[in-house]
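One letter stands for each residue in the lines below.
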Amino acid sequence: MTQEIPHILIADDNPEIREIIKVLLTGEGFSVTEAKDGTSVLTEIKKQAFDLIILDIMMPGMNGYETCQSIREASNVPILFLSARTTDSDKILGFSSGGDDFLEKPFSYPELIGRAKALIRRYHVYQGKEKQTAASSVRQLSVRGLMIDSEREEVFLHGQKIELTSTEYEMLRLLASNRRQIFSAQRLYEAVWDDPWYYGANNTVMVHIRNLRQKIEKDPKKPVFIKTAWGKGYHFD
């Protein structure tokens, strides 16, 4: 069977940056499509499917955050923000709008390729394109109306399907498969993102936990599934 070539959409208003990223990614065997702004991105995702979207924040018209929110209304494709804006508030806003990861400009070649491959690999597992690991051996888990079907990679709450990104799903699956075991932010990040811990990654985990709670908890401020062990981390009760 011929393996499908991952397809990546690059969105940046600077054609030189798009060209540099395209050369790097095609050199690794990826198929690449370019978009110059948010409107072009939304047009492209209606025409074809992608395995990853690399999204600049400062674009004319719709900025990256607004574009990301619009993408999330139609797709759970992983989104990697690429921006020179690197404050914690920028990153939190990026994750809150539905982004999966954040890479600062200027970036290194290995870092870009590593992040891209990790996001695509997790998305393919989520889409059922790759075999599950031993950690995903529990096919179905049901707790108080929340059902996680690892075989179909789907989550239901009281019979209603919950739409999660691949990052949110993997985080929930990991916590639920290890009930009452406390995961520090560092352990969660390294397991889910498959990337070494770095300063600021705590905010990444925190925002994704918040997004996940908003989707599965009746009252996100009083969670019954994903709880915080203050000073230690998070656990699935």
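Values in this document were obtained by computation on a predicted structure and should not be read as measured data.

The rules behind these values
Residues numbered from 1 in each chain as written. Predicted model: local features only at pLDDT ≥ 70, side-chain atom pairs only at ≥ 80, totals over all residues. Heavy atoms only, no water. Phe/Tyr/Trp six-rings, centres within 6.5 Å; stacked < 30°, edge-to-face > 60°. Helix = DSSP H or I, 4+ residues; strand = E, 2+ residues; numbered from the N terminus. Buried < 20%, exposed > 50% of the residue type's maximum accessible area, 1.4 Å probe, protein only. Pairing = 2+ DSSP bridges. Axes fitted to C-alpha atoms, helices over the stretch in contact; angles between N-to-C directions. Contact = heavy atoms within 4.5 Å.

## As for the packing of aromatic side chains
Here is step 1 of the chain: What the rule picks out here adds up to 5 aromatic pairs.
Here is step 2 of the chain: Consider the rings of Tyr-189 and Trp-197, whose centres lie 6.1 Å apart with planes at 80°: the pair is edge-to-face.
Here is step 3 of the chain: Ring geometry for Phe-225 versus Phe-236: centroids 6.0 Å apart, planes at 25°, classification stacked. Of this pair, Phe-225 sits in the loop between helix H8 (201-216) and strand S10 (226-229) while Phe-236 sits in strand S11 (residues 233-236), and the two are 11 residues apart along the sequence. The burial state of Phe-225 is the same as that of Phe-236; both residues are buried.

## As for the sheet that holds strand S6 (residues 140-143)
Here is step 1 of the chain: One open sheet accounts for 4 strands, arranged S6-S7-S8-S9; its pairing is antiparallel. Two strands in the sheet have a free side with no partner beyond their single neighbour: S6 and strand S9 (160-162). Along the sheet, successive strands turn relative to each other by an average axial angle of 25°, direction set aside.
Here is step 2 of the chain: Of the strand pairs in this sheet, strand S7 (residues 146-149) and strand S8 (residues 154-157) are connected by 4 bridges, and their pairing is antiparallel. Along S8, the bridge assignment pairs Met-147 with Phe-156.
Here is step 3 of the chain: Strands in contact with helix H6 (residues 166-177) are S6, S7 and S8; relative to S7, the strand with the most contacts, it is inclined by about 105°.

## Overview of the sheet that holds strand S4 (residues 79-83)
Here is step 1 of the chain: The strand order across the open sheet formed by 5 strands is S2-S1-S3-S4-S5, and the pairing between neighbours is parallel. Edge positions in the open sheet fall to strand S2 (31-35) and strand S5 (101-104), since each of these has one partner strand only. Going from strand to strand, the sheet's axes swing by 20° on average, the running direction of each strand aside.
Here is step 2 of the chain: When S4 meets S5, the two strands line up parallel, connected through 4 bridges.

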